[in-house]
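Each chain, letter by letter, is given below.
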Amino acid sequence: MRGHTHGQESRDLWGCNMADVETSKSLTGLLNGIAQIVYYNNAEITEELLKNELYPDLTQEEFRAMHEKMKGLLKSIATANMDQAQLEAFLTAQTRKQGTGGVSAEQAAALSRFWKSHRARVRESLLGQSRWEPGLKGLTWRVDLQTSASRGGATNIPVALVELELGRAGEDSDFVCLEFDEAKVNQVLKKMAEIQESIDAIVHRS
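Residues numbered from 1 in each chain as written. Predicted model: local features only at pLDDT ≥ 70, side-chain atom pairs only at ≥ 80, totals over all residues. Heavy atoms only, no water.

## Re the packing of aromatic side chains
Then, number 1: Within the structure shown, the criterion is met by one aromatic pair.
Then, number 2: Aromatic side chains Tyr55 and Phe63 sit 6.1 Å apart centroid to centroid with 45° between the ring planes, which places their arrangement in the tilted category.
Then, number 3: Judged by relative accessible area, which is 0%, Phe63 ranks as buried. (Phe/Tyr/Trp six-rings, centres within 6.5 Å; stacked < 30°, edge-to-face > 60°. Buried < 20%, exposed > 50% of the residue type's maximum accessible area, 1.4 Å probe, protein only.)

## Points about the environment of Val122
Then, number 1: Among the secondary structure elements, Val122 is positioned in helix α5 (residues 105-130).
Then, number 2: Separated by 86 residues in the primary sequence, Val122 and Gln36 have C-alpha atoms spaced 9.8 Å apart.
Then, number 3: Leaving out residues up to four positions away in the same chain, Val122 has contacts with Tyr39, Tyr40, Ala78 and Trp115. (Helix = DSSP H or I, 4+ residues; strand = E, 2+ residues; numbered from the N terminus. Contact = heavy atoms within 4.5 Å.)

## A word on the packing of helix α2 (residues 47-54) against helix α3 (residues 60-80)
Then, number 1: Where α2 contacts α3, the two axes come as close as 11 Å, and the packing angle between them is 110°. When the interaxial angle is binned, α2 and α3 end up roughly perpendicular. Along its contact with α2, which presents Glu47, Leu50 and Lys51, the element α3 presents Gln60, Phe63, Arg64, His67 and Glu68.
Then, number 2: Among the residues forming the contact of α2 with α3, the class breakdown is two nonpolar, two polar and four charged. (Axes fitted to C-alpha atoms, helices over the stretch in contact; angles between N-to-C directions. Parallel < 35°, antiparallel > 145°, perpendicular 65-115°, else oblique. Nonpolar A, V, L, I, M, F, W, Y, C, P; charged D, E, K, R; others polar.)

## Comments concerning the environment of Leu73
Then, number 1: Position of Leu73 relative to the elements: it lies in helix α3.
Then, number 2: With 21 residues separating them along the chain, Leu73 and Gln94 place their C-alpha atoms 9.2 Å apart.
Then, number 3: The residues touching Leu73, leaving out its near neighbours within four places in the chain, are Phe90, Gln94, Val103 and Leu111.

## A few points about the side chain of Ser112
Then, number 1: Relative to the helices and strands, Ser112 resides in helix α5.
Then, number 2: Judged by its relative accessible area of 15%, Ser112 falls in the buried class.
Then, number 3: Look past the residues within four positions of Ser112 in its chain and what remains in contact with it is Gln84, Leu87 and Leu91.

What follows is the structure in structure tokens.
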């Protein structure tokens, strides 16, 4: 004799599907909340609000563990600016981990959906956080010939005149004028080459 009627099986399946939907909605809400706090500087969103709204049945310790795990995973994905292939490989590796360090299939799916829709905005936020303020908004330069008296007569000396436009976004700019002789120009070019070499070394290592 069958233990469940067709109606009971349907109700069980419906209840299971509804539970999956609720889990998915809560995970999506949690990731959105983390992004609001970490990347979008929304002071109105707090961990306490996320717990009360999304996971009221969890203890504080259980919620904190889930929150920190999802935040750490999201930071890893965002810092590497993962494309779709990298994301799939990363999440597959996480689902294969044993114990509390791994992620469930539902959590991996939520992370994948979130990153597909938020990648560009999170990337823009990270770039904005890495900029120095005030920043360089523009640069113009020209070379003038200055006349200098010497024992053999007048000598024309080339001088580079550089004007820097500095300021914060949405504010009026400040202008700084600099004057370089040939030796100073060579020093600046040498320093810029060293900076480029350091950047290239870091990029190639990663």
